[in-house]
Amino acid sequence: GEVAAVRGIDLTIENGEVFALLGPNGAGKTTTVEILEGHRQRTSGEVEVLGVDPARGGRDFRERIGIVLQSSGIDRELTVLESVRLYGAMYPERLPIDDVIELTGLTEKADARVKTLSGGQRRRVDLALGIVGNPDLLFLDEPTTGFDPSARRKSWELIANLRTLGKTILLTTHYMDEAQNLADRVAVIAGGVIVAAGTPATLGGRADSGAIVAFRSPVTAVAPPPPFDAAPGADGFVRVEVADLAPALHALTGWAVQHRVSLDGLTVTSPSLEDVYLQLTQDDHHA
């Protein structure tokens, strides 16, 4: 309709890398992925996936991609083994069924019906069905949404295992720690546009951001060296952003030792990926 879900993004993903598309709900992540998969028609622009325009890609193209949707329609009466075998039969270059079940940690559940599995185990079946065709490119759309922390960690291990097969992986997520742990590169999408892209370590200028040094304002007649002579906040803590941490911290601690001042609550923090993400996505024109 009138809503421009994706507004002219520019994106290149390298062969063999794990790329995360990070953004809040409604940012345009799923729409982008559906266009790349060939499931949704774009209204404009140029798209090439594995050397093919996905809008015109035929069976040859679809045999080279694997898709793990947010929710799947697996027949709940089938066993895990039957499900993987059924899906695998549709692909000419499929992986060995037993290897797929072992890789996804489902060996002990191979003969269990899907309806008896936990949510995390069913998600593993989804991943098994996504990789059984031995795809060159794997799409993972919010693979761990709704998982408890333990199940998420296990899924991360599984996705990390897939890297060893040399697959290119595009995953969408709104979990910052997921992108940090899994992705070689990240693009943040908000309001249908990419607002930042880079490695998790450099995204949004993280690598160039200064560290925040904080400590409880000491009771002393001798002021700390600049820039730590700043006025404390309402909580009694002095907070200073410094670009060159080592000499600044050396000057502060040297002053404290010389004047026998206790630097209570001293902390040094750098902007987290979550800090950067929230900053990038909270602007009104991106919301």
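Residues numbered from 1 in each chain as written. Predicted model: local features only at pLDDT ≥ 70, side-chain atom pairs only at ≥ 80, totals over all residues. Heavy atoms only, no water.

(A) Region of interest: the pairing of strand β6 (residues 193-198). As paired strands, strand β5 (residues 185-190) and β6 are joined by five bridges and run antiparallel to one another. By the bridge assignment for β6, A187 is matched with A197. Hairpin connection of β5 to β6: two residues between the antiparallel strands, including G191 at a positive phi of 60 degrees. (Pairing = 2+ DSSP bridges. Helix = DSSP H or I, 4+ residues; strand = E, 2+ residues; numbered from the N terminus.)

(B) Quick look at the sheet that holds strand β8 (residues 237-242). As summarised here, the arrangement of the three strands in space is β8-β7-β9, forming an open sheet in which the pairing is antiparallel. What marks the edges here is a single partner per strand, and that holds for β8 and β9 (267-269). Across the sheet, the mean angle separating the axes of adjacent strands is 20 degrees when strand polarity is ignored. In this sheet, β8 lies alongside strand β7 (residues 211-216) in antiparallel orientation, the contact comprising six bridges. When the bridges of β8 are listed, A211 appears paired with V242. Where helix α8 (residues 245-258) meets the sheet, it contacts β7, β8 and β9, and its direction lies at approximately 15 degrees from that of β7. (Axes fitted to C-alpha atoms, helices over the stretch in contact; angles between N-to-C directions. Contact = heavy atoms within 4.5 Å.)

(C) Representation of the pairing of strand β1 (residues 18-22). Most of β1 is tucked away, with five of its five residues classed as buried. Because side chains alternate across β1, one face comprises the buried residues V18, A20 and L22, and the other comprises F19 and L21, equally buried. Pairing geometry for β1 and strand β4 (residues 168-173), over five bridges, is parallel. Residue pairing for β4: V18 is matched across the bridge by I169. Pairing of β1 with β5, which is carried by four bridges, proceeds in the parallel orientation. For F19, the partnering residue across the bridge sits in β5 and is R185. (Buried < 20%, exposed > 50% of the residue type's maximum accessible area, 1.4 Å probe, protein only.)

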